[in-house]
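Spelled out from the first residue to the last, the chains are:
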Amino acid sequence: MKEINVQDITKVVEELCIKACTTLGNDWWQVMDDAISKENSPLAKDILKMLEENAKLAADTGEAICQDTGVAVVFLELGQDVRLIGGDLYDAINEGVRNGYTNGYLRKSVVSDPLLRKNTGDNTPAIIHTEIVPGDNLKIIVAPKGTGSENMSTLKMLKPADGKEGIVNFVLESVKAAGPNPCPPIVVGVGIGGNLERAGYIAKKALLRPLGQKNPLPHVAELEEELIEAVNNIGLGPQGLGGRTTALDVHVEVAPCHIGALPVAVNINCHASRHAEAVL
Amino acid sequence: MIKLTTPISPEEVKKLKVGDQVSISGVIYTARDAAHKRMVEAHSKGEKLPVDLKGQIIYYVGPCPAKPGKVVGAAGPTTSGRMDKYAPTTLDEFGLIGMIGKGQRSPEVVEAIKRNGAVYFVGVGGAGALLATKIKKVECMAYEDLGCEAIYRFEVEDLPVIVGIDSEGNNAYDIALKK
Ligand code: SF4
């Protein structure tokens, strides 16, 4: 049994919120450099360079990369041998989000009720997903998600007979329908299998994988290759103003499902592929 | 790069062609969904608008709070489609001449742009930190209770935008996909 005090979790969540909203990983810089070198359209090149300049400025000054610092989506992998002490876990996480968004001068974009629409003023509550795993560590990933891209999410319950072709068509339809709204170049998370909620969950988790890294399952990695090619042939390009770079990457996650089901969820992330993690 | 200083005249707008890269200096106003809803509701009740938008430009943006010593936090464009329901009223009845946002507009908005000889600019979505450096002065004009969604007056210097839909209704997004 390892004891973790939830006050430490509050502190870590605060730091992760700020880090995720102001800095992008090395993986991001690599795929962006690569995209710039392969892009033919001068306007598209200019836009990509501007996004790099923006990311550099944000990292140097601690300013948010994008003003939509999103809803804080928090993924927990909680070791079953961890004993949490000092208070309520989810309260501690929300306190961390509150502190991070306040002390980091990040935008507060959460309303407490979807119909009454009153801003909570501190970006809480976070959306928290918890998985219980073996061991005695707690892994925390904070992934702020903006709404320009989240609003472009899609889910379709395909028929097993639709197969790979059906999946590819649905992903392409989703990316085309999203058009310029999610600030391309985008990152596409695709969740295949499971059921209604699992497909969405794994599509979102797919966005956490480093850019440029393929799914370890060969048949899924192959589908990813096919999808990135097809998505970048649409011609939408950066900001939807034309060009090759519509997506920086397409990540697919799969899950077991019913014999009669083929759920597919598409969760689009903007170029600001924001997430930061820590292990306690 | 075409340099424009606000307020821009109908003649200047007429000369802008889809895809032109433009840098804007001068005063612009901000508003998102919530502020649009209030303005349009106030107008329908015959109330006066909190700001005179005749000949002005609205920037669809909800910035991050300013850090100490700064005038504003990250401030890039938000998705314009959410304002489509209100935009024809802002053009037809408030006399707005330009909008800055990102993303496609509805056919109704494109018609209203043509009808009024207005223009729709797109900013680079996601470049909030960089665009914030072009904003030199910020003043809250109305609906302060809406926080980042309030109406602000921005004084900008060389804010980079692209003509997304010109006064004849030519649309940069449609053209990009046809290529
Ligand atoms: S879609 Fe992403 S990059 Fe674009 S404004 Fe929203 S959060 Fe920012």
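It should be emphasised that the depicted structure is a prediction, and the values quoted were computed from it without experimental measurement.

What counts, and where the lines are drawn
Residues numbered from 1 in each chain as written. Chains lettered and ligands numbered in written order. Predicted model: local features only at pLDDT ≥ 70, side-chain atom pairs only at ≥ 80, totals over all residues. Heavy atoms only, no water. Helix = DSSP H or I, 4+ residues; strand = E, 2+ residues; numbered from the N terminus. Contact = heavy atoms within 4.5 Å. 1 Å grid on protein atoms, 1.4 Å probe; cavity = no way out; pocket = protein on both sides within 12 Å on 5 of 7 lines; lining within 4 Å. Points joined across faces, edges and corners; volume = space filled by probe spheres on them. Nonpolar A, V, L, I, M, F, W, Y, C, P; charged D, E, K, R; others polar. Domains from an automatic or database assignment. Patch = residues over 30% accessible without salt bridge, like charges linked within 9 Å, V, L, I, M, F, W, Y side chains within 5 Å. Areas by Shrake-Rupley, 256 points an atom, 1.4 Å probe, with all protein chains shown as cover. Salt bridge = Lys/Arg side-chain N within 4 Å of Asp/Glu carboxyl O. Buried area = accessible area lost by both parts, 1.4 Å probe. Polar contact = N/O pair within 3.5 Å; in protein donor to acceptor, adjacent residues only side chain to side chain. Buried < 20%, exposed > 50% of the residue type's maximum accessible area, 1.4 Å probe, protein only.

**Quick word on the environment of A:Val12**
All names here are of chain A.
In step 1: By the secondary structure assignment, Val-12 is in helix 1 (residues 6-22).
In step 2: For the pair Val-12 and Val-74, spaced 62 residues apart in sequence, the C-alpha separation works out to 12 Å.
In step 3: Discounting chain neighbours no more than four positions away, the residues touching Val-12 are Ile-140, Ala-278 and Leu-280.

**Quick word on empty space enclosed by the protein**
In step 1: Scanning the model with the defined rule gives two cavities of 30 Å³ or more in all.
In step 2: Of the volumes computed, that of the largest cavity is approximately 130 Å³.
In step 3: Lining the largest cavity are 17 residues, with A:Cys66, A:Gln67, A:Asp68, A:Gly148 and B:Lys102 sitting closest to its centre.
In step 4: By residue class, the composition of the lining of the largest cavity is four nonpolar, eight polar and five charged.
In step 5: Shared between two domains, the lining of the largest cavity holds at least three residues of each, these being domain 1 (2-20 + 65-145) and domain 2 (148-273) of chain A.
In step 6: Its volume calculated, the second largest cavity comes out at about 70 Å³.
In step 7: Within the residue set of the lining of the second largest cavity, elements represented by two or more residues are strand 2 (71-79) and strand 5 (138-145) of chain A.
In step 8: Here the lining of the second largest cavity takes three residues from strand 5 of chain A, the largest share from any one element.
In step 9: Class assignment of the residues belonging to the lining of the second largest cavity gives a composition of six nonpolar, two polar and three charged.

**A look at a nonpolar patch on the surface**
In step 1: On the surface, A:Leu155, A:Met157 and A:Leu196 cluster together into a nonpolar patch covering about 290 Å² of accessible area.
In step 2: Its location among the elements puts A:Met157 in strand 6 (residues 154-158).

**Here's the deal with the domain arrangement of chain A**
All names here are of chain A.
In step 1: Its domain assignment divides chain A into domain 1 (2-20 + 65-145) and domain 2 (148-273).
In step 2: Contacts between the two partners involve ten residues from domain 1, matched on the other side by 13 residues from domain 2.
In step 3: For the pairing of domain 1 and domain 2, the buried interface totals around 820 Å² over both sides, and the portion due to carbon and sulfur atoms is 65%.
In step 4: Taken as a group, Phe-75, Glu-131 and Lys-145 account for 62% of the area that domain 1 buries against domain 2, more than any other trio of residues on that side.
In step 5: Where domain 1 packs against domain 2, one counts two salt bridges.
In step 6: Linking Lys-205 and Glu-131 is a salt bridge whose minimum nitrogen-to-oxygen distance equals 2.9 Å.
In step 7: Where domain 1 touches domain 2, the interface holds five residue pairs in polar contact (both at pLDDT 80 or more).

**Structural notes on the pattern of salt bridges**
Residues and elements named next belong to chain A.
In step 1: Tallied over the entire structure, the rule returns 27 salt bridges over all chains.
In step 2: The shortest N-O distance in the salt bridge between Glu-95 and Arg-98 comes to 2.6 Å. Here Glu-95 pairs with Arg-98, and both are found in helix 4 (residues 89-103), just three residues apart, close to one helical turn.
In step 3: Residue classification places Glu-95 among the partly exposed residues on the basis of a relative accessible area of 32%.
In step 4: For Arg-98, a relative accessible area of 29% corresponds to the partly exposed category.
In step 5: Between Lys-204 and Glu-150 there is a salt bridge, with its nearest N and O atoms 2.9 Å apart. Of the two residues, Lys-204 is situated in helix 7 (residues 196-206) and Glu-150 in helix 5 (residues 147-150); the sequence distance between them amounts to 54 residues.
In step 6: Bridged by salt links that share partners, the residues Glu-95, Arg-98 and Asp-122 form one connected network.

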